[in-house]
Amino acid sequence: MKLYYDLHIHSCLSPCGDNDMTPNNIVNMSLLKELDVIALSDHNTAKNVLAVKQVAEQSDLLVIPAIEVCTNEEVHILCLFENFSACEAFGAYLYSLLPPIQNKPEIFGQQIVMNALDEPVETLDKLLINAANLSIDQLVNVLPDYQGFAVPAHIDRSSYSIISSLGFIPPDYQFSCVEVKKPPFSCDFTGNVITNSDAHYLEHISEREHYLEVTEKSIKGVLNAIKKLP
């Protein structure tokens, strides 16, 4: 079956995300755009993932747990997980690796954790858009322990992408998928390519345009399609 997707969406927890990016608004906008599956992927945290999942359970929208990691090379890597508890555990580990630099909401934006009723429950102090003390090599090695899967994010961007930072995609990392924002994009890569919005505002969430061929509508089905597994 075909599942129309957007697997890179930020909430109001990302300081660069609009405060209207609440769990209910994200889910409802995704439904209005007739998407089948989304992933909430805030910067270096998973604190709003469960709330989005709980909201989506009232519909047919499938939510994939995710985090957008900023490595110490300042490369953004989209990390998708097989289950929510593992994603949250990795998020806690990742937050511990952020430098002790406090967020300044008046400069960078608020970092709001919400529940499924769109009620603020806490704010995070560390600035989430900083690079974690974790290299790409360390990330790809530790992710399997958390049932995670790494996808280099927006490789067609001139900043915070693996190509802009390293100049190429090292084959040793054996990435089976990369993400672009604006296809077509030509690079020396033979694996799967997905297109996501990297939305920080509701109107930027993808339209019903890009799809994956899956064997089942499940987290496993989506991840296997991205990995090009049977």
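Residues numbered from 1 in each chain as written. Predicted model: local features only at pLDDT ≥ 70, side-chain atom pairs only at ≥ 80, totals over all residues. Heavy atoms only, no water.

S.K.: Would you explain the pattern of salt bridges in this entry?
M.R.: When charged atoms on two side chains of opposite charge get close, those side chains can pair. All chains considered together, the criterion is met by five salt bridges. The residue Arg208 makes a salt bridge to Asp36 at a minimum N-O spacing of 3.7 Å. Residue Arg208 is found in the loop between β9 (192–195) and β10 (211–213), and its partner Asp36 is found in the loop between α1 (23–32) and β2 (37–40); the two are separated by 172 residues along the sequence. Between Arg157 and Asp198 there is a salt bridge, with the nearest N and O atoms lying 3.5 Å from each other. Remark: Asp198 occurs in the loop between β9 and β10 and Arg157 occurs in the loop between β7 (148–152) and α6 (162–166); sequence separation between them is 41 residues. Residue classification places Asp198 among the buried positions, given a relative accessible area of 7%. (Salt bridge = Lys/Arg side-chain N within 4 Å of Asp/Glu carboxyl O. Helix = DSSP H or I, 4+ residues; strand = E, 2+ residues; numbered from the N terminus. Buried < 20%, exposed > 50% of the residue type's maximum accessible area, 1.4 Å probe, protein only.)

S.K.: Help me understand the packing of α1 against helix α2 (residues 49–56), please; the structure alone is not making it clear to me.
M.R.: For any two helices packed against each other, one specifies the inter-axial angle together with the distance between the axes. Their axes nearest at 9 Å, the elements α1 and α2 cross at an angle of 50 degrees. Taken together, the axes of α1 and α2 are oblique relative to one another. α2 is crossed by α1, and the crossing has right-handed handedness. Across from Pro23, Asn24 and Val27 in α1, the residues of α2 making contact are Ala51, Val52, Val55 and Ala56. A breakdown of the residues in the contact of α1 with α2 according to their chemical character gives six nonpolar, one polar and no charged. (Axes fitted to C-alpha atoms, helices over the stretch in contact; angles between N-to-C directions. Parallel < 35°, antiparallel > 145°, perpendicular 65-115°, else oblique. Left-handed = near helix turned anticlockwise from the far one by under 90°. Contact = heavy atoms within 4.5 Å. Nonpolar A, V, L, I, M, F, W, Y, C, P; charged D, E, K, R; others polar.)

S.K.: Is there a simple way to think about the state of the cysteines in this case?
M.R.: Disulfide: a covalent bond connecting the sulfur atoms of a pair of cysteines. On inspection of all chains with the given rule, the structure shows zero disulfides. Free of any disulfide, Cys70 has its nearest cysteine sulfur in Cys16, 11 Å distant. (Disulfide = S-S within 2.5 Å.)

S.K.: So what exactly am I meant to see when it comes to the packing of aromatic side chains here?
M.R.: By convention here, two paired aromatic rings are described through the distance between centres and the angle between planes. Taken as a whole, this structure holds six aromatic pairs when the rule is applied. Between Phe81 and Phe90 the ring centres are 5.6 Å apart and the planes differ by 40 degrees, which places this aromatic pair in the tilted class. One residue, Lys53, lies across the ring of Phe84, its end atom 5.4 Å from the ring centre. Looking at Lys227, its charged tip hangs above the ring of Phe149, at a distance of 5.0 Å from the centre. (Phe/Tyr/Trp six-rings, centres within 6.5 Å; stacked < 30°, edge-to-face > 60°. Lys NZ or Arg CZ within 6 Å of the ring centre and 35° of its normal.)

S.K.: How do you make sense of the nonpolar core when you look at a structure like this?
M.R.: Among soluble globular proteins, nonpolar side chains are generally buried collectively. Within the largest apolar cluster, 72 residues are counted, with the highest numbers of intra-cluster contacts made by Leu7, Ile64, Leu80, Phe90, Leu212 and Val222. When residues in this core are grouped by element, the largest group, six residues, is from strand β3 (residues 62–70). (Core = buried A, V, L, I, M, F, W, Y, C linked by side-chain atoms within 4.5 Å.)

S.K.: What exactly am I supposed to notice about the environment of Ser30 here?
M.R.: Along the chain, Ser30 falls in helix α1. Sequence spacing of Ser30 and Ala56 is 26 residues, and the spatial spacing of their C-alpha atoms is 9.8 Å. Among residues more than four places away in sequence, those in contact with Ser30 are Ile9, Leu35, Ile38, Leu61 and Ile205.

S.K.: Looking at this model, I keep getting lost on the pairing of β3. Mind explaining?
M.R.: Regular strands have side chains that alternate between both faces of the sheet. A large share of β3 lies buried, amounting to nine of its nine residues. Residues of β3 alternate between two faces, with Leu62, Ile64, Ala66, Glu68 and Cys70 on one and Val63, Pro65, Ile67 and Val69 on the opposite face, all of them buried. With four bridges joining them, β2 and β3 adopt parallel strand pairing. Bridging from a neighbouring strand, Ala39 pairs with Ile64 of β3. Once you follow β2 into α2 and on to β3, the crossover reads as right-handed. Looking at chain direction, β3 and strand β4 (residues 76–81) are connected through five bridges and run antiparallel. Looking at β4, one finds that Cys70 is bridged to His76. Connecting β3 to the next strand, β4, in antiparallel fashion are five residues, including Glu74 with a positive phi near 60 degrees. (Pairing = 2+ DSSP bridges. Right-handed = clockwise from strand over helix to strand, strands pointing away.)

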